[in-house]
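Structural description and commentary
Listed below, chain by chain, are the residues.
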Amino acid sequence: MDKHTQLIHDPRLAPIQINSLQPPVYRASTIIFDNTQALFQRHWSDRYDYSYGTHGTPTTYLLADQMARLEGGNHALLAPSGLAAIVLVNTALLGQGDEVWVTENMYSPNLEHLRELQKRYGVVIKIYDPLDAKSFQPTPACKLIWLEAAGSVTLEFPDLQGLIKIAKEHHVCIALDSTWGAGLAYSPFDLDGASVDICVHALTKYPSGGGDVLMGSIVTQDEALHKQLLRMHALLGFSISGDDCARVYRSLPTLALRYATQSKSAIELLAHLKHEPAFAQVLHPANPDTLGHHFWQQNCPTGLSAGLVSVVFDERYAWADVCRFCDALKIFKLGFSWGSATSLVMLYDLTKMRTLPSLHLQGRYVVRFCVGLEAPKDLIDDIKTALGSLNYDEKSK
Ligand SMILES: *Cc1c(COP(=O)(O)O)cnc(C)c1O
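Parameters and conventions
- Residues numbered from 1 in each chain as written.
- Predicted model: local features only at pLDDT ≥ 70, side-chain atom pairs only at ≥ 80, totals over all residues.
- Heavy atoms only, no water.
- Helix = DSSP H or I, 4+ residues; strand = E, 2+ residues; numbered from the N terminus.
- Expected span 1.5 Å × (residues − 1).
- Buried < 20%, exposed > 50% of the residue type's maximum accessible area, 1.4 Å probe, protein only.
- Polar contact = N/O pair within 3.5 Å; in protein donor to acceptor, adjacent residues only side chain to side chain.
- Near = heavy atom within 4 Å.
- Areas by Shrake-Rupley, 256 points an atom, 1.4 Å probe, with all protein chains shown as cover.
- 1 Å grid on protein atoms, 1.4 Å probe; cavity = no way out; pocket = protein on both sides within 12 Å on 5 of 7 lines; lining within 4 Å.
- Sits in = over half its atoms within 2 Å of the grid points.
- Nonpolar A, V, L, I, M, F, W, Y, C, P; charged D, E, K, R; others polar.
- Axes fitted to C-alpha atoms, helices over the stretch in contact; angles between N-to-C directions.
- Left-handed = near helix turned anticlockwise from the far one by under 90°.
- Contact = heavy atoms within 4.5 Å.
- Phe/Tyr/Trp six-rings, centres within 6.5 Å; stacked < 30°, edge-to-face > 60°.
- Points joined across faces, edges and corners; volume = space filled by probe spheres on them.
- Domains from an automatic or database assignment.
- Pairing = 2+ DSSP bridges.
- Right-handed = clockwise from strand over helix to strand, strands pointing away.

A look at helix α4 (residues 82-93)
- Along its twelve residues, α4 runs 17 Å from first to last C-alpha, staying within 8% of the 16 Å computed at 1.5 Å per residue.
- With respect to burial, α4 is a largely interior element, ten of its twelve residues being buried.
- Residues of α4 that are buried include every one of G82, A84, A85, I86, V87, L88, V89, N90, A92 and L93, and no others.
- Its side-chain oxygen 3.4 Å from the backbone nitrogen of L83, S81 forms the N-cap of α4.

Written out as structure tokens, the structure reads:
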């Protein structure tokens with residue numbers, strides 16, 4: 001046999017399975033069938049009929065199964081990003097003229113996708129107030145409600161029990177973006193007597209923990225619903241690299257430790273930031289001043305929360321001051337996303353993001369701190385030094 005051919009047709013005599021701590025990583029587009037009979041007997045939707053890389057490998061199933069366990073569901077699908085997981089749910093569940101309910105404080109690219117479905121297929125988007133379940137009034141055309149706990153940027157914790165109750169009465173499918181909770185602060189399928197139908201999680205954040213992988217998961221309990229999502233998953237051609245799965249899988253054993261540490265550090269930050277006169281409000285579900293604090297207490301009895309703390313700048317500060325503050329931070333890096341060891345910061349002008357007046361917010365400029373694993377004192381000092389560059393004492397005179 002030619003050496004060239006030999007290098008392609010490796011007889012693979014070395015043992016391929018050893019008892020390593022980490023499982024082997026399967027990288028596959030093509031999966032070989034032993035013969036035509038095997039080819040005809042396999043069906044892509046049966047997870048153990050490995051047939052083609054997009055439908056799954058032992059590596060993708062290992063991670064998916066861990067995610068299902070973490071969230072307390074029975075089935076999990078993986079998507080190429082958190083946003084892709086959201087898009088999968090919207091695309092699988094919404095058709096022409098269907099109604100979907102969302103909040104103002106939801107992860108905004110989800111709303112952008114829904115607006116596209118509105119333009120193309122006449123999907124009707126309705127907005128509810130996450131703290132007032134009665135504002136959710138589904139019509140018979142309603143197919144889906146999106147919950148997010150806590151809300152993006154301003155971190156209000158919603159009335160999950162109230163909203164879920166109404167959705168169940170109207171047979172509306174309930175999807176929860178649980179990225180903030182990470183499967184640890186609350187249990188999406190066991191929420192003080194209530195349960196969602198679909199749990200979407202951006203694994204890009206805490207599960208990855210490294211700021212180097214994009215991935216999402218979709219966890220369900222109901223098999224029929226899982227199959228409906230699985231079908232759309234295959235139609236969209238979503239696939240995940242085995243190497244990325246292995247990276248996230250390797251990070252999962254430290255997830256609870258990292259989450260608890262970031263949760264504790266964020267509380268320390270919160271306690272200090274409350275005394276800074278530059279900030280009109282400090283937003284965090286554990287802060288009794290933040291809307292939805294009692295819903296957080298009800299749903300997160302362990303007292304855990306993600307490492308996100310947002311501050312509303314006092315009205316005497318201009319956008320340029322807020323930019324100067326962010327530029328002056330040294331340990332907090334300016335960047336999107338969160339969940340890695342590195343603390344991040346992002347700034348927002350709320351008037352550009354929200355249409356309804358957010359009555360509880362006492363200013364328009366918000367800075368969100370995403371607490372990493374650095375020592376809390378260093379983070380607090382970093383913020384104090386950056387505030388110093390604003391000369392706020394002079395301004396407050
Ligand atoms: C980051 C995030 C997403 C999207 O995840 P990507 O992997 O960045 O696409 C979705 N929902 C929430 C709440 C997020 O924070």
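Concerning the site of the ligand
- Neighbouring residues of the ligand: 13 residues in total, closest G82, L83, D177, T204 and K205.
- Contact distances for the ligand include 2.6 Å between a nitrogen atom and a side-chain N or O atom of D177.
- Here an oxygen atom of the ligand and a side-chain polar atom of T204 are 2.5 Å apart.
- In the complex, 88% of the free accessible area of the ligand, which totals 380 Å², lies under the protein chains.
- Put simply, the ligand lies in the largest pocket.
- Broken down by element, the shell around the ligand gets its largest block of residues, three residues, from α4.
- For the shell around the ligand, the residue count by class is six nonpolar, four polar and three charged.

A look at the packing of helix α9 (residues 255-273) against helix α12 (residues 376-388)
- Interhelical geometry of α9 versus α12 gives an angle of 35° and a closest axis separation of 10 Å. As for how α9 packs across α12, the hand of that crossing is right-handed. Contacts between α9 and α12 involve S265, E268, L269, H272 and L273 on the former and, on the latter, P376, L379, I380, I383 and K384.
- Considering only residue class, the contact of α9 with α12 consists of six nonpolar, two polar and two charged.

Quick look at the packing of aromatic side chains
- Inspection of the entire model under this criterion finds 15 aromatic pairs.
- Taking the centre distance of 5.1 Å and the plane angle of 45° together, the rings of W319 and Y365 count as tilted. Placement of W319 in helix α11 (residues 319-328) and of Y365 in strand β12 (residues 365-370) is noted, with a sequence separation of 46 residues between them.
- Using a relative accessible area of 32% as the deciding quantity, one classes W319 as partly exposed.
- For Y365, a relative accessible area of 12% gives the class buried.

Remarks on the layout of surface pockets
- Of the voids in this model, the largest pocket is the one considered here, and its volume is about 950 Å³.
- Together, 45 residues line the largest pocket, and Y107, S108, P109, S152 and K205 are the ones closest to its centre.
- Counting residues per element, the ones that place at least two in the lining of the largest pocket are α4, α5 (108-121), β6 (198-202) and β11 (344-349).
- At five residues, the largest contribution of residues to the lining of the largest pocket is made by α5.
- Its residues assigned to classes, the lining of the largest pocket shows 21 nonpolar, 15 polar and nine charged.
- Of the domains in this structure, domain 1 (3-252) and domain 2 (255-388) are the two that each give at least three residues to the lining of the largest pocket.

Quick notes on the sheet that holds β12
- Taken in spatial order, the five strands of this open sheet run β8-β9-β12-β11-β10, and their pairing is mixed. Bordering the open sheet on either side are β8 (279-283) and β10 (333-334), each of which pairs with just one other strand.
- Bridge analysis of strand β9 (residues 308-313) against β12 gives five bridges, and the strand direction is antiparallel. Residue V312 lies in a different strand from β12, and its bridge partner there is V366.
- Of the strands in this sheet, β8, β9 and β12 are in contact with α9, which crosses β9 at around 20°.
- Sheet contacts for α11: β8, β9, β11 and β12; angle to β11, the most-contacted strand, approximately 175°.

Description of the pairing of strand β5 (residues 173-177)
- Counting buried residues along β5, five of its five residues qualify, which places the element largely inside the surrounding structure.
- Here β5 shows a buried face lined by C173, A175 and D177 and a second buried face lined by I174 and L176.
- Two strands pair when backbone bridges link them, and strand β4 (residues 142-148) and β5 are joined in this way by five bridges, in the parallel orientation. Looking across to β5, one finds that W146 is bridged to A175.
- Crossover β4 to β5 through helix α6 (residues 160-169) is right-handed.
- Bridging between β5 and β6 involves three bridges; their strand directions are parallel. Among the inter-strand pairings, L176 is bridged to a residue of β6, identified as C199.

Topic: the pairing of β6
- Counting buried positions over the five residues of β6 gives five, a clear majority of the element.
- The side-chain alternation of β6 yields two buried faces, one formed by I198, V200 and A202 and the other by C199 and H201.
- Looking at chain direction, β6 and strand β7 (residues 216-220) are connected through five bridges and run antiparallel. Residue H201 lies in a different strand from β7, and its bridge partner there is S217.

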